[in-house]
Amino acid sequence: MPVDFSGTWNLVSNDNFEGYMVALGIDFATRKIAKMLKPQKVIKQDGDMLSIHTTSTFRDYMLQFKIGEEFEEDNKGLDNRKCKSLVTWDNDKLVCVQIGEKKNRGWTHWLEGDDLHLELRCENQVCRQVFKRA
Ligand code: VLZ
């Protein structure tokens, strides 16, 4: 694959994270803390194997998967709902579909110039995040 997301990335913008968290049913107190965070992503890409470690001062979330292979995702520390997740390439974009209780749940990663982009989707909400290399 031509695109390599590997690296350490710092959040620089976070549009409608609040709407995304509301759609996931995250409680008010947790949202107030979470929306102040500037998470960092540490991504390791080795062939079809990826790990995405999202870290913050409040909570961390670790995801490891093989592209093209469905896996169980527990969303522990997020909304704690289990999903069947599948990540595939759509040209140079990495697209995750998270099948579960919430409709239209998933995310897309892509590179634009030196920036890492992430769109997070749940129901009718879209959160757009941009990261720069640390
Ligand atoms: O990222 O699905 O890169 O999992 C936010 C942690 C993590 C802060 C959000 C605490 C995970 C929030 C977003 C408390 C509610 C996500 C995927 C794509 C990989």
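See the structure shown above.
Residues numbered from 1 in each chain as written. Predicted model: local features only at pLDDT ≥ 70, side-chain atom pairs only at ≥ 80, totals over all residues. Heavy atoms only, no water.

Trainee: Is there a simple way to think about the side chain of Ser 85 in this case?
Mentor: Within the element layout of this structure, Ser 85 appears in strand S6 (residues 83-90). When residues no more than four places from it in sequence are discounted, the contact partners of Ser 85 are Glu 69, Glu 70, Phe 71, Glu 73, Cys 96, Val 97 and Gln 98. (Helix = DSSP H or I, 4+ residues; strand = E, 2+ residues; numbered from the N terminus. Contact = heavy atoms within 4.5 Å.)

Trainee: How should the packing of aromatic side chains be read in this particular structure?
Mentor: To describe a pair of aromatic rings, you give the distance between the ring centres and the angle between the ring planes. Under the criterion given, the structure shown has four aromatic pairs. Aromatic side chains Phe 17 and Tyr 20 sit 6.4 Å apart centroid to centroid with 20° between the ring planes, which places their arrangement in the stacked category. Of this pair, Phe 17 and Tyr 20 both sit in helix H1 (residues 17-23), three residues apart, roughly one helical turn. Seen in terms of ring centroids, Phe 65 and Phe 71 are 5.5 Å apart; in terms of plane orientation they differ by 10°. Their pairing is stacked. Side by side, Phe 65 and Phe 71 carry an identical accessibility label, which is buried. Grouping aromatic residues by their ring pairs yields a cluster made of Phe 65, Phe 71 and Trp 107. Looking at Lys 93, its charged tip hangs above the ring of Trp 110, at a distance of 4.4 Å from the centre. (Phe/Tyr/Trp six-rings, centres within 6.5 Å; stacked < 30°, edge-to-face > 60°. Buried < 20%, exposed > 50% of the residue type's maximum accessible area, 1.4 Å probe, protein only. Lys NZ or Arg CZ within 6 Å of the ring centre and 35° of its normal.)

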